[in-house]
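So you can see what is in the structure, the chains are spelled out below.
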Amino acid sequence: MTILFSRVVSRISGTPKKTFFNCPQLCQALVFGTSCRSPTDSTPKGDAVSQDKVDPFSLVAHEMSLVSKRLRSSVVAQVPELASAAGYFFKEGVEGKRTCSAVLLLMATAVDIHRPESPFCCIGDTWTIELRRRQQLIAEITEMIHVASLIHDDVLDDADTRRGIGSLSFVVGNKLAVLAGDFLLFRALRTLASLKNTEVVSLLVTAIENLVTGETMQMAATIEQRCSMEYYMQKTYYKTASLISNSCKAIALLSGQTPGVAKLAFEYGKNLGLAYQFIDDILDFTGSSASLGKGSLSDIRLGIITAPILFATEEFPQLHAVIEQGFDDPANVDTALEYLRKSRGIQRTRELATKHASLAAAAIDSLPESCSMDVRKSRQALINLTQILTARNK
């Protein structure tokens, strides 16, 4: 029936079947009499300017609000103390910008490319609503996993603050904080199981495994490993980029996209996550406690060696000896900072962040063309987000 319908429309409109099925808006235009430019048409200057000004967070603000409300309602537990602890970072005012949610909701629209064999090309109100709800669940699951990892990190790092307020472990103690993090992971996995998609389940479980692996790599690293850029990059991917990259891929797979499109979604998340962490590494040295919501120089004081110091060590090999001595002695911190100031460590880390931000943007540019303005706006928003996150100062 689908093939027959396409032939009829093709005969009436002269539109090749491939173009028709690759563009749901064109399909609607032919059926309902609406208008749509072909993907090959040039974009008017007005459209290009408006897309350049797209604010990623405003574009999905309504959906992010829905996700936040569902997150707050999802942490209900039989024990009030556990429910309060698990919902600590989901409360209004301390929930942060929800960057992960924004990325995933934008990605859901950005990969809204109907495949030729899809039976939902022209019809699909119910299917589209159900798909979007499932993609929103990925955003909720990702946020729960992310917050659980932050809670556990603060316990391991003995951190007093997070997002400008007391860390959960500081407020309620380590034991309840660990249980709250575990509770969030269990809720995330239960929600994940409800999707009944083994490939998506595997992706998100892999991301959780990578979080644990990355944290263990950081704790158990030898001196040689701590001074290795390759080791640092692998650890950073596991700790920061794996969750968002696998979640982006899950978003694409849920909508039935090709492996190629799913890979591009993955590459966007991976490179965006890495770029974000490199800027974080810079801000640990250049930001103030007030702007970061945590104590500056927190990483180096914990003995965590990041990109700026690694680049400085390439210019000043004598830094190896300082790293080997450790940073329990404040004098060693001062020495490392002096070498960092004389080096191009900060500049080279910023260049590395810019490189990965560009790779993320390139992944979006490589997605199949679409004539949908919503799709194009979401893609532009994802590209804009790479610039926003690398230009931030907190």
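Scroll up to find the structure this text is about.
Residues numbered from 1 in each chain as written. Predicted model: local features only at pLDDT ≥ 70, side-chain atom pairs only at ≥ 80, totals over all residues. Heavy atoms only, no water.

## Considerations on the overall build of the chain
Right, so step 1: Scanning the chain from terminus to terminus reveals 22 helices and two strands.
Right, so step 2: Within the chain, residue pairs in contact and separated by at least 24 positions form 73% of the contacts whose partners lie at least 6 positions apart.
Right, so step 3: Total accessible area on the chain is roughly 18,800 Å²; 56% of this is exposed by carbon and sulfur atoms. (Helix = DSSP H or I, 4+ residues; strand = E, 2+ residues; numbered from the N terminus. Contact = heavy atoms within 4.5 Å. Areas by Shrake-Rupley, 256 points an atom, 1.4 Å probe, with all protein chains shown as cover.)

## Notes on the packing of aromatic side chains
Right, so step 1: With the rule as written, the count across this model stands at four aromatic pairs.
Right, so step 2: Centre to centre, the rings of tyrosine 88 and phenylalanine 89 are 4.8 Å apart; their planes meet at 75°, and the pair counts as edge-to-face. Accessibility assignment for this pair places tyrosine 88 and phenylalanine 89 in one class, buried.
Right, so step 3: Its guanidinium or amino end placed over the ring of phenylalanine 316, lysine 342 lies 5.4 Å from that ring's centre, counting from NZ or CZ.
Right, so step 4: Directly above the aromatic system of tyrosine 276 lies the positively charged group of arginine 392, at a separation of 3.8 Å from the ring centroid. (Phe/Tyr/Trp six-rings, centres within 6.5 Å; stacked < 30°, edge-to-face > 60°. Buried < 20%, exposed > 50% of the residue type's maximum accessible area, 1.4 Å probe, protein only. Lys NZ or Arg CZ within 6 Å of the ring centre and 35° of its normal.)

## Looking at the nonpolar core
Right, so step 1: Counting residues in hydrophobic clusters, the biggest one holds 74 residues, and the most contacted among them are Met107, Ile145, Leu184, Leu204 and Tyr268.
Right, so step 2: Sort the elements by how many residues they give to this core and helix α9 (residues 125-157) lands first, with 11 residues. (Core = buried A, V, L, I, M, F, W, Y, C linked by side-chain atoms within 4.5 Å.)

## Details of the packing of helix α18 (residues 307-315) against helix α21 (residues 345-365)
For any two helices packed against each other, the geometry comes down to the angle between their axes and how far apart the axes lie.
Right, so step 1: As a packed pair, α18 and α21 sit with axes 8 Å apart at the nearest point and diverge in direction by 125°. Relative to α21, α18 is oriented oblique. Here α18 runs over α21; the crossing is right-handed. In contact with Ala307, Pro308, Phe311, Ala312, Glu314 and Glu315 of α18, α21 contributes Gly345, Ile346, Arg348, Thr349 and Leu352. (Axes fitted to C-alpha atoms, helices over the stretch in contact; angles between N-to-C directions. Parallel < 35°, antiparallel > 145°, perpendicular 65-115°, else oblique. Left-handed = near helix turned anticlockwise from the far one by under 90°.)

## Observations regarding the pattern of salt bridges
Right, so step 1: Scanning all chains against the criterion turns up 12 salt bridges.
Right, so step 2: Its salt-bridge partner being aspartate 154, residue arginine 162 comes within 2.8 Å of it at the nearest N-O pair.
Right, so step 3: Note that arginine 341 is salt-bridged to glutamate 338, the shortest N-O span being 3.1 Å. Residue arginine 341 and its partner glutamate 338 are located together in helix α20 (residues 330-342), separated by three residues, close to a single helical turn.
Right, so step 4: The exposed category is assigned to arginine 341, whose relative accessible area is 58%.
Right, so step 5: Because the salt bridges share partners, they merge into one network encompassing Arg70, Arg133 and Glu140. (Salt bridge = Lys/Arg side-chain N within 4 Å of Asp/Glu carboxyl O.)

Treat this as a map of the structure, not an account of what it does.
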